[in-house]
Amino acid sequence: MEFEKIPTVPTADEVLDRCFRRAAAKMKLKANKDRANQDFVRAVSHSIHDRLVHVIQTFPEFETLPPFYRETVDILYGIPRLKKALGAVGWAARWSRLHGPDLIYETRKGGDPLAARKKAVARLASVVHQIDSELRFLNEVRNVVRKLPHVEDIFTVVIAGYPNVGKSSFIRLVSTADPEVASYPFTTKGVIVGHRVDGRKRMQFIDTPGVLDRLPEERNPIERQAMAAITNIADVILFILDPSEHCGFPLEDQMKLYEEIAGTIDVPVVAVANKSDIKSLEGYPSMSTGQNSGVDEVLLTLMEYWREPGPVEEPVTYPVTY
Ligand SMILES: Nc1nc2c(ncn2[C@@H]2O[C@H](COP(=O)(O)OP(=O)(O)OP(=O)(O)O)[C@@H](O)[C@H]2O)c(=O)[nH]1
Ligand SMILES: [Mg+2]
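Residues numbered from 1 in each chain as written. Chains lettered and ligands numbered in written order. Predicted model: local features only at pLDDT ≥ 70, side-chain atom pairs only at ≥ 80, totals over all residues.

### As for the overall build of the protein chain
Thought 1: Across its full length, the protein chain holds 10 helices and 5 strands.
Thought 2: Compactness check: the protein chain gives a C-alpha radius of gyration of 27 Å against a globular reference of 20 Å for 322 residues, more than 25% above the reference.
Thought 3: In terms of overall dimensions, the protein chain has C-alpha extents of about 90 × 40 × 30 Å along its principal axes.
Thought 4: Across the 322 residues in the protein chain, those meeting the buried criterion constitute 37%.
Thought 5: Contacts spanning at least 24 positions in sequence make up 68% of the contacts within the protein chain whose residues lie at least 6 apart. (Helix = DSSP H or I, 4+ residues; strand = E, 2+ residues; numbered from the N terminus. Rg over C-alpha atoms; globule rule 2.2 N^0.38 Å. Buried ≥ 20, exposed ≤ 12 C-beta atoms within 10 Å, placed from the backbone. Contact = placed C-beta atoms within 7 Å.)

Structure representation (structure tokens):
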């Protein structure tokens, strides 16, 4: 995913330091000292524009992101909020480019060229400082989204279910993923990807945080991330039930969630009862991820849905329009 490539977003002071340094370096090369002040202002205004446009262009365009990533970013930060931040950076870039020539003119006609230059540079600096909080916000987003899991367009099994039923224990047994397993709910807080190769068949397993049977608008951001994976990236869903109820949740509630997912998602949903070392469930295949029994049979059932990998899509980045 192109998120990994987003470079650090500079603060306002970092943008300005760099632009001043560049402008000063350019000035050293100029022979004509009369024009030095206006050239300095021009160089600063151009440099600010280019640096800010570069910041915008390093972010992917959210509208064209694959749905799973778009929804995940929206859950974590809100896409309107992100667009507002990128819009503010665009405004400052535009301001710098449009008003740069006026400031240069004032520098030229002013009686005291050095004072005029200082005033012009202070105005440019104050525009960049106005978007400092937006730049910092974008950097925070960058630091989080670059760590989102890399989901490929290959055969994908998404593991779903109530918290604490053994989803992470399952993915640890069958794939490269090594998530934490613990005896309390909501141990897994984000989507985790594991890979598996069977002969020439490559596939990925997605571990998700537990989801409760409640209205979508009542779900917290952790549950909503799980739903984004369940809804958007699965070729098949493995829904794990815990009939022993050692997970801390009644089987009746787990069944309601299973019915909701099976009834609303377009892909096959395979329900399996885990913790068969304690209790099994009539009418459902059972396994024990604790004792590694029945897991191979579950894998065989999932492999009935195997498909060839799809094409790789090219990422789109932000076009900057004026
Ligand atoms: N008895 C028994 N315990 C199990 C089995 N599988 C998992 N457990 C236990 O159940 C607890 C939860 O396991 P996890 O794999 O972390 O469950 P999870 O569904 O990923 O939980 P969340 O990430 O919180 O949603 C742990 O204490 C495991 O040791 C099993 O087959 N039998
Ligand atoms: Mg887990």
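### Quick word on the sheet that holds strand β4 (residues 236-241)
Thought 1: Taken in spatial order, the 5 strands line up as β2-β3-β1-β4-β5 in an open sheet, and their pairing is mixed. Strands with a single pairing partner mark the edges of an open sheet, and in this sheet they are β2 (192-198) and β5 (269-273). When strand polarity is set aside, the average angle formed by the axes of neighbouring strands in this sheet is 25°.
Thought 2: Inspection of the sheet shows strand β1 (residues 155-161) paired to strand β3 (residues 201-207) by 5 bridges, in the parallel sense. (Pairing = 2+ DSSP bridges. Axes fitted to C-alpha atoms, helices over the stretch in contact; angles between N-to-C directions.)

### Things to note about the nonpolar core
A general feature of soluble globular proteins is that nonpolar side chains tend to end up buried together.
Thought 1: Among the nonpolar cores identified, the biggest contains 76 residues, and V44, V158, I159, A160, A229, I237 and F239 are the most heavily contacted of them.
Thought 2: Counting only domains with at least three residues in this core, you end up with domain 1 (2-145) and domain 2 (155-303). (Core = buried A, V, L, I, M, F, W, Y, C linked by C-beta atoms within 7 Å. Domains from an automatic or database assignment.)

### Considering the site of ligand 1
Thought 1: Contacts to ligand 1 come from 23 residues, most closely from G166, S168, T188, G210 and G290.
Thought 2: Here the shell around ligand 1 is composed, by residue class, of 8 nonpolar, 12 polar and 3 charged. (Near = placed C-beta within 6 Å. Nonpolar A, V, L, I, M, F, W, Y, C, P; charged D, E, K, R; others polar.)

### Here we look at the environment of W95
Thought 1: Inspection of the secondary structure assignment puts W95 in helix α4 (residues 79-109).
Thought 2: The buried category is assigned to W95, around which 20 C-beta atoms lie within 10 Å.
Thought 3: Put simply, W95 and A85 are 10 residues apart on the chain and 15 Å apart in space, counted from C-alpha to C-alpha.

### What about the domain arrangement of the protein chain?
Thought 1: Taken domain by domain, the protein chain consists of domain 1 (2-145) and domain 2 (155-303).
Thought 2: In this assembly, 6 residues from domain 1 lie in contact with 7 residues from domain 2.

### Quick word on the packing of α4 against helix α6 (residues 132-145)
Thought 1: It is at 9 Å that the axes of α4 and α6 come closest, and there the two elements cross at 130°. Regarding the angle of α4 to α6, the classification is oblique. Note on packing geometry: the crossing formed by α4 with α6 is left-handed. Contacts from L82, A85, A88 and V89 in α4 reach E134, L135, F137, L138 and V141 in α6. (Parallel < 35°, antiparallel > 145°, perpendicular 65-115°, else oblique. Left-handed = near helix turned anticlockwise from the far one by under 90°.)

### Section: unusual backbone geometry
Thought 1: Phi is positive for N164, which is not a glycine, with a value near 70°.
Thought 2: Residue K275 is not a glycine yet carries a positive backbone phi of 65°.
Thought 3: Looking at the secondary structure, you find K275 in the loop between β5 and α10 (295-303).

### Things to note about the packing of helix α2 (residues 36-57) against helix α5 (residues 113-130)
Thought 1: Axis separation between α2 and α5 bottoms out at 9 Å; the angle between their running directions is 10°. Our classification of the angle between α2 and α5 gives roughly parallel. For the pair α2 and α5, the contacting residues are N37, F40, V41, V44, S45 and I48 in the first and P113, L114, A116, R117, A120, V121, L124 and V128 in the second.
Thought 2: Considering only residue class, the contact of α2 with α5 consists of 11 nonpolar, 2 polar and 1 charged.

### Brief notes about the pairing of β5
Thought 1: One ladder, built from 5 bridges, connects β4 with β5; its direction is parallel. The partner of I237 across the bridge, within β5, is V269.
Thought 2: Regarding the hand of the β-α-β motif, the stretch spanning β4, helix α9 (residues 251-264) and β5 is right-handed. (Right-handed = clockwise from strand over helix to strand, strands pointing away.)

### Topic: the environment of H150
Thought 1: Considering the arrangement of structural elements, one finds H150 in the loop between α6 and β1.
Thought 2: The class for H150 is exposed, based on 9 C-beta atoms found within 10 Å.

### Some points on the pairing of β4
Thought 1: Within β4, 6 of the 6 residues are buried, which leaves the element mostly enclosed by the surrounding structure.
Thought 2: Residues V236, L238 and I240 point to one face of β4 and I237, F239 and L241 to the other, with burial holding for every one of them.
Thought 3: Relative to β4, β1 runs parallel, the two sharing 5 bridges. Across the sheet, the residue bridging to V157 is V236, located in β4.

### Quick look at the environment of G100
Thought 1: Within the fold, G100 resides in helix α4.
Thought 2: Linking G100 and V121, residues 21 residues apart in sequence, is a C-alpha distance of 9.6 Å.
Thought 3: Once residues lying within four places of it in the same chain are set aside, the contact partners of G100 are R42, S45 and H46.

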